[in-house]
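Residues per chain, in single letters:
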Amino acid sequence: MAGNALDALPADEARTRLVDQLRANGWITSPAVEAAFRRVPRHLFAPADVSIDAAYTDDVVITKRRRDGRATSSISAPWLQATMLHAACLQPGARVLEIGSGGYNAALIAEVVGPHGTVTSIDIDPDVTAHARAALDTAGYPHVQAVTADAVDGWPGAAPYDAIIVTVEASDLPPAWLDQLTPTGVLIAPLRIRGMTRCLTLRRHEDHLVATAALQCGFVPMQGDGHTPTRRLALRGDDVVLILDDTTTDVHPEALTSALHTPRLDTWSPVTITMQDGSSFESLHLWLASQPRPFGTLAVNRERAAGLVDPQDRFVCPTLLTTDSLAYLAMRKLDDTTWQFGAHGFGPDASTLTTDMLQLITVWNHDHRHGPGPHITVHPTGTEPHASDRPQLLVARRHATIAVTWPAPGKPR
Ligand SMILES: C[S@@+](CC[C@H](N)C(=O)[O-])C[C@H]1O[C@@H](n2cnc3c(N)ncnc32)[C@H](O)[C@@H]1O
């Protein structure tokens, strides 16, 4: 392969550096996954104008965008691919379906399952599968199947699968995925739960699926028949967009837009976080989303909205709502290592909403911050969560209901 003018390091050296870093950061924890990352040449799957340096950075490489600039396809970040590979516990000889293609991750899977395994990689976009096919052939993986189809029907041609690894944001579990999974198979799927995407490791239990792990992540949304759109309300053009991921939350967009022209109410919680606490903070978003009340998330252009809306998270910021008011999760730096949580509110109910947000932060800090996180189950339509589980949040989709149950304080999950 010809060198790229932007290349600073030869590809092999850049790959070694990346894998060493993934190991050091704890993302690669098994010899099989490490060997796969050391072998598969990621740069061969990236667009031609991506430098070797960028191809071997622990980050997403966008491979296709819509006209409006939003990404529709990418090579996922290596840390996330490694985590999903570990979660799938793939054994040599396993049969695997990858949903959402590009080639690179399919090649990693092929390395792990070895010559007796099978890998089928499916994508709705023929450009993506054409690129994946060419790159897989060039990189030495002609045996990996790349097919073009809407994955809402799975791919019966190579079923049943020991693992189905979904690499696109899903909001539902189409029946075909379960039908094509072996009884003991594992389904890894980034599921959108009230605007929060969690990569769930799902295994069958009686008539439903139980998540044994839930990792915060982001993926491009699913297209085709399985697409469940969110409602996106531009409150200040693209600078401040409110995203609603349920059908029950009722807001008046004009009233919320007007609210942004009123003074902001800033309130601060005694709850703080230090750099070392990073991992324990992940459950706060899902805790806020689990409350039985109007809820959305804000996506904010930090630079253009600075001083008006300064969210804790610029892509997915938890927001409590009434029809004409909102309060979002905020954060400010107290010193070099310590950050403080807070709530910023707008509109007539700003005071109530910010107070509620601070109370919820307090409860999370006391009862859930250091605990195991919520119990997440997925119930195919026709089956119900156990009444005794008393889930705080039920997300009913077309084919399945997602249930999120927080453990009672002091009790294990
Ligand atoms: C993040 S990319 C996949 C990354 C890839 N697994 C890799 O090697 O890193 C997500 C892909 O899902 C595809 N996709 C979206 N909706 C789909 C659907 N309904 N069926 C199959 N593929 C879909 C997109 O075209 C996109 O290429």
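As recorded in an unreviewed UniProt entry, the chain goes by the name Protein-L-isoaspartate O-methyltransferase, listed as coming from Micromonospora tarensis. Annotation of the chain in UniProt includes, under Sequence similarities (unreviewed entry), the sentence "Belongs to the methyltransferase superfamily. L-isoaspartyl/D-aspartyl protein methyltransferase family."

Caption draft 1: How the structure looks around the overall build of the chain. Counting its regular elements, the chain contains 11 helices and 19 strands. A compact globule built from 413 residues would reach a C-alpha radius of gyration of about 22 Å, and the chain, at 22 Å, matches this within 12%. If one aligns the C-alpha atoms of the chain with their principal axes, the spans along those axes are about 60 × 55 × 40 Å. Taking contacts inside the chain between residues at least 6 apart in sequence as the whole, the part at least 24 apart equals 60%. Looking at the chain as shown, the accessible area adds up to about 18,300 Å², and 54% of this sits on carbon and sulfur atoms.

Caption draft 2: Region of the structure containing the domain arrangement of the chain. Each domain of the chain was delimited in the assignment, giving domain 1 (65–226) and domain 2 (231–368). The C-alpha centroid of domain 2 is placed 32 Å from the C-alpha centroid of domain 1. Opposite the 10 residues of domain 1 that make contact, domain 2 presents 15 residues. Carbon and sulfur atoms make up 46% of the surface buried where domain 1 meets domain 2, a total of about 1,100 Å² over both sides. When the area that domain 1 buries against domain 2 is broken down by residue, the three leading residues are R194, M196 and Q216, summing to 62%. At the junction of domain 1 and domain 2, the tally comes to 2 salt bridges. Residue R192 is joined to D245 by a salt bridge in which the shortest nitrogen-to-oxygen separation is 2.8 Å. Those elements that provide at least two residues to the side of domain 1 that touches domain 2 are β7 (181–193), β8 (196–205) and β9 (208–216). The leading source of residues in the side of domain 1 that touches domain 2 is β9, at 3 residues. Class assignment of the residues belonging to the side of domain 1 that touches domain 2 gives a composition of 4 nonpolar, 2 polar and 4 charged.

Caption draft 3: Representation of the pattern of salt bridges. Scanning the entire structure with this criterion turns up 21 salt bridges. A salt bridge links R304 to D239; the shortest N-O distance between them is 2.7 Å. Placement of the pair is R304 in helix α10 (residues 302–305) and D239 in the loop between β10 (231–236) and β11 (240–244), with a sequence separation of 65 residues. Overall, D239 belongs to the buried group, its relative accessible area being 12%.

Caption draft 4: Looking closely at the nonpolar core. Counting residues in hydrophobic clusters, the biggest one holds 73 residues, and the most contacted among them are L173, L187 and V309. Of all the elements, helix α11 (residues 350–368) adds the most residues to this core, at 6 residues. Taken domain by domain, this core gets at least three of its residues from each of domain 1 (65–226) and domain 2 (231–368). Apart from residues lying up to four places away in sequence, V309 is in contact with V240, L260, R264, L298, V300, Y328 and F346. Ranked by size, the runner-up nonpolar core spans 49 residues in total, among them L22, V40, V50 and C217.

Caption draft 5: View of the site of the ligand. Surveying the vicinity of the ligand reveals 24 residues, the closest of which are S73, E98, D123, A151 and Q223. G100 is positioned with one of its backbone polar atoms (N or O) 3.0 Å from a nitrogen atom of the ligand. In the model, a nitrogen atom of the ligand is placed 2.9 Å from a nitrogen or oxygen of the A151 main chain. Computed on the free molecule, the ligand has an accessible area of 600 Å², of which 100% lies beneath the protein chains in the complex. In this structure the site holding the ligand corresponds to the largest cavity. Top element by residues in the shell around the ligand is strand β2 (residues 71–75). It accounts for 4 residues. Within the shell around the ligand, the residues separate by chemical class into 10 nonpolar, 10 polar and 4 charged.

Caption draft 6: The arrangement of the pairing of strand β1 (residues 61–65) in detail. Pairing of β1 with β2, which is carried by 4 bridges, proceeds in the antiparallel orientation. When the sheet's bridge partners are listed, V61 is paired in β2 with I75. In this structure, the hairpin formed by β1 and β2 is closed by a connection of 5 residues, where G69 is found at a positive phi of approximately 95°.

Caption draft 7: Up close: the environment of L242. Relative to the helices and strands, L242 resides in strand β11. Along the backbone, L242 and T129 are 113 residues apart, and their C-alpha atoms lie at a distance of 33 Å. Residues within four places of L242 in sequence aside, it is in contact with R231, R232, L233, L235, V251, L256, G296, T297, L298, T319 and L321.

Caption draft 8: The sheet that holds strand β16 (residues 338–346), seen in detail. Taking strand neighbours across the sheet as the criterion, the 7 strands line up as β10-β11-β13-β14-β15-β16-β12 in an open arrangement whose pairing is antiparallel. Two strands in the sheet have a free side with no partner beyond their single neighbour: β10 and β12 (265–274). For this sheet the average axis-to-axis angle between neighbouring strands, irrespective of direction, equals 30°. One ladder, built from 7 bridges, connects β12 with β16; its direction is antiparallel. Note on β16: the bridge partner recorded for I273 is W339. Those strands touched by helix α9 (residues 282–289) are β13 (295–300), β14 (317–321), β15 (326–333) and β16, and its axis lies near 165° from that of β15. Across the sheet, α11 touches β12, β14, β15 and β16, and the angle it forms with β12 is around 10°.

About the cut-offs
Residues numbered from 1 in each chain as written. Predicted model: local features only at pLDDT ≥ 70, side-chain atom pairs only at ≥ 80, totals over all residues. Heavy atoms only, no water. UniProt positions renumbered as here; feature names shortened; annotations may be inferred. Helix = DSSP H or I, 4+ residues; strand = E, 2+ residues; numbered from the N terminus. Rg over C-alpha atoms; globule rule 2.2 N^0.38 Å. Contact = heavy atoms within 4.5 Å. Areas by Shrake-Rupley, 256 points an atom, 1.4 Å probe, with all protein chains shown as cover. Domains from an automatic or database assignment. Buried area = accessible area lost by both parts, 1.4 Å probe. Salt bridge = Lys/Arg side-chain N within 4 Å of Asp/Glu carboxyl O. Nonpolar A, V, L, I, M, F, W, Y, C, P; charged D, E, K, R; others polar. Buried < 20%, exposed > 50% of the residue type's maximum accessible area, 1.4 Å probe, protein only. Core = buried A, V, L, I, M, F, W, Y, C linked by side-chain atoms within 4.5 Å. Near = heavy atom within 4 Å. Polar contact = N/O pair within 3.5 Å; in protein donor to acceptor, adjacent residues only side chain to side chain. 1 Å grid on protein atoms, 1.4 Å probe; cavity = no way out; pocket = protein on both sides within 12 Å on 5 of 7 lines; lining within 4 Å. Sits in = over half its atoms within 2 Å of the grid points. Pairing = 2+ DSSP bridges. Axes fitted to C-alpha atoms, helices over the stretch in contact; angles between N-to-C directions.

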